[in-house]
Amino acid sequence: MDGRALAARIREELKAEIAGFGDVRLATVLVGDDPASQIYIRLKHKAAEEVGIQALDKRLPQETPEEEVLGLVEELNDDDSVDGVLVQTPLPPQIDEPRVMRTLDPMKDVDGLHPFNAGQLFFGQQTLVAATPVGVMRLLAEYKIPVTGARAVVVGRSLIVGRPLSMLLLHANATVTICHSRTKDLARHTLDADILVAAVGSLGLITADMVKTGAAVIDVGMNRTEDGLFGDVDPGVADAAGFLTPVPGGVGPMTIACMLENALKAARYRSGALAFPRI
Ligand code: NDP
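Here is a short report on the structure shown in this document. (Residues numbered from 1 in each chain as written. Predicted model: local features only at pLDDT ≥ 70, side-chain atom pairs only at ≥ 80, totals over all residues. Heavy atoms only, no water.)

### Looking at the overall build of the protein chain
When its secondary structure is counted, the protein chain shows 10 helices and 10 strands. Taking 19 Å as the expected radius of gyration for a compact globule of 279 residues, we find that the protein chain reaches 18 Å, a close match to that expectation. Oriented by its inertia axes, the alpha-carbon framework of the protein chain measures out at about 50 × 40 × 35 Å. Each of the 279 residues in the protein chain was classed as buried or not, and the buried ones make up 48%. Taking as baseline every contact in the protein chain between residues at least 6 positions apart, the subset at least 24 positions apart corresponds to 71%. (Helix = DSSP H or I, 4+ residues; strand = E, 2+ residues; numbered from the N terminus. Rg over C-alpha atoms; globule rule 2.2 N^0.38 Å. Buried < 20%, exposed > 50% of the residue type's maximum accessible area, 1.4 Å probe, protein only. Contact = heavy atoms within 4.5 Å.)

### A closer look at the sheet that holds strand β2 (residues 54–60)
Sheet strands line up and pair through hydrogen bonds in the backbone, either parallel or antiparallel. Pairing in this open sheet of 3 strands is parallel, and the strands run β2-β1-β3 from one edge to the other. Since the sheet does not close on itself, it has two edges, and those belong to β2 and β3 (84–87), each with one partner. Neighbour to neighbour, the strand axes of the sheet diverge by 20 degrees on average, direction disregarded. Taken strand by strand, helix α2 (residues 35–51) contacts β1 (25–31), β2 and β3, and its axis lies near 160 degrees from that of β2. (Pairing = 2+ DSSP bridges. Axes fitted to C-alpha atoms, helices over the stretch in contact; angles between N-to-C directions.)

### Observations regarding the site of the ligand
Around the ligand lies a shell of 18 residues, among which R157, S158, S181, M222 and T255 are the nearest. At 2.5 Å from an oxygen atom of the ligand is found a side-chain nitrogen or oxygen belonging to S158. Contact between the ligand and M222: an oxygen atom at 2.9 Å from a main-chain N or O atom of the residue. When the ligand is considered free in solution it has 920 Å² of accessible area, and contact with the protein chains removes 68% of it. Here the shell around the ligand takes 3 residues from helix α10 (residues 251–271), the largest share from any one element. Taken together, the residues of the shell around the ligand break down into 8 nonpolar, 9 polar and 1 charged. (Near = heavy atom within 4 Å. Polar contact = N/O pair within 3.5 Å; in protein donor to acceptor, adjacent residues only side chain to side chain. Areas by Shrake-Rupley, 256 points an atom, 1.4 Å probe, with all protein chains shown as cover. Nonpolar A, V, L, I, M, F, W, Y, C, P; charged D, E, K, R; others polar.)

### Considerations on the nonpolar core
Residues I53, L140, L169, I195, I218, V220 and L260 are the most contacted members of the largest nonpolar core, which totals 51 residues. With 11 residues, α10 is the single largest residue contributor to this core. In this structure, I53 is in contact with I18, V24, L26, A48, L260 and A263, ignoring residues within four places of it in sequence. (Core = buried A, V, L, I, M, F, W, Y, C linked by side-chain atoms within 4.5 Å.)

### Here we look at the pairing of β3
For a regular strand, the rule is simple: side chains alternate between the two faces of the sheet. Of the two faces of β3, both are covered, the one formed by G84 and L86 as well as the one formed by V85 and V87. Examined bridge by bridge, β1 and β3 share 4 bridges and lie parallel to one another. Opposite V29, over in β3, you have V87 as the bridge partner.

### Digging into the pattern of salt bridges
One pass over the full model with this rule turns up 11 salt bridges. The closest approach of N and O atoms between R9 and E142, which form a salt bridge, is 3.0 Å. Within this pair, whereas R9 is found in helix α1 (residues 3–21), its partner E142 is found in helix α6 (residues 131–142), the two being separated by 133 residues in sequence. Relative accessible area serves as the criterion here: at 42%, R9 is assigned to the partly exposed category. Overall, the relative accessible area of 30% leaves E142 in the partly exposed class. (Salt bridge = Lys/Arg side-chain N within 4 Å of Asp/Glu carboxyl O.)

It is worth stressing that arrangement in space is one thing and function is another; only the former is reported here.
Below, the structure written as structure tokens:
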């Protein structure tokens, strides 16, 4: 499944929509010097500029106290020229991530992490939804993989990937199993999956003997090694799977494209072109 090609198409469409809409401004907040986060921020800025979104790069040192991070988020909330705010995670340990997410203006929350947006997803009334899960659903749709009635197994239950993706799959009428680090006999679950998603961050965790023949396997994992970037799915799975996303070039580019779509959606909410539900 070619996420790079689909993401490029989405970005082209987005570019045209933004040209028709007007200014869209996205602010990113990076706290600390995590090397992977720095790469993601750079990629997001480059992609934003390519589609005509103005990107504002806010950086704070690793040891910044929580109040200062919250202060910056509030400043961006109040800044009328900013449509979307993305706080790159993970945040340093002195900062309470959920508190930061609660502080964000839900209308500017391009990662869909504010409890209001997460709650809307729970209700099946999606507003801004985390980009990686949306990207995975778009890939399934693009390759016409049946979701209704399918057995979907999501390995990983994070707030940004596993949980929202499980909810989207459920809304799309899959029968969903969520696995995590305490799951006993992981293979017993994964072998049942018509759609198997690995979102763990464990190199090669999913091996061929854990995959049903013909299954659609989505590899969200990003594990950086000296030899490059690898997923959670062992390359041997390619023989068993009916569909497989590569790493790199699968879910990663989709995440960025869908985050940019969220930035435009946020701008539409703010302009009144789209109605944001009243809180
Ligand atoms: P988290 O670390 O927040 O979550 C990892 C999840 O995996 C947890 O729910 C954890 O369980 C579970 N887990 C850990 N070990 C096992 C195991 N042995 N068996 C089953 N489950 C296990 O990570 P994220 O969700 O943020 O990211 C997951 C991966 O996806 C990472 O590699 C990350 O880099 C990548 N990623 C890729 C993106 C992309 O665009 N391609 C975007 C976002 C993330 P428990 O809850 O019990 O601890």
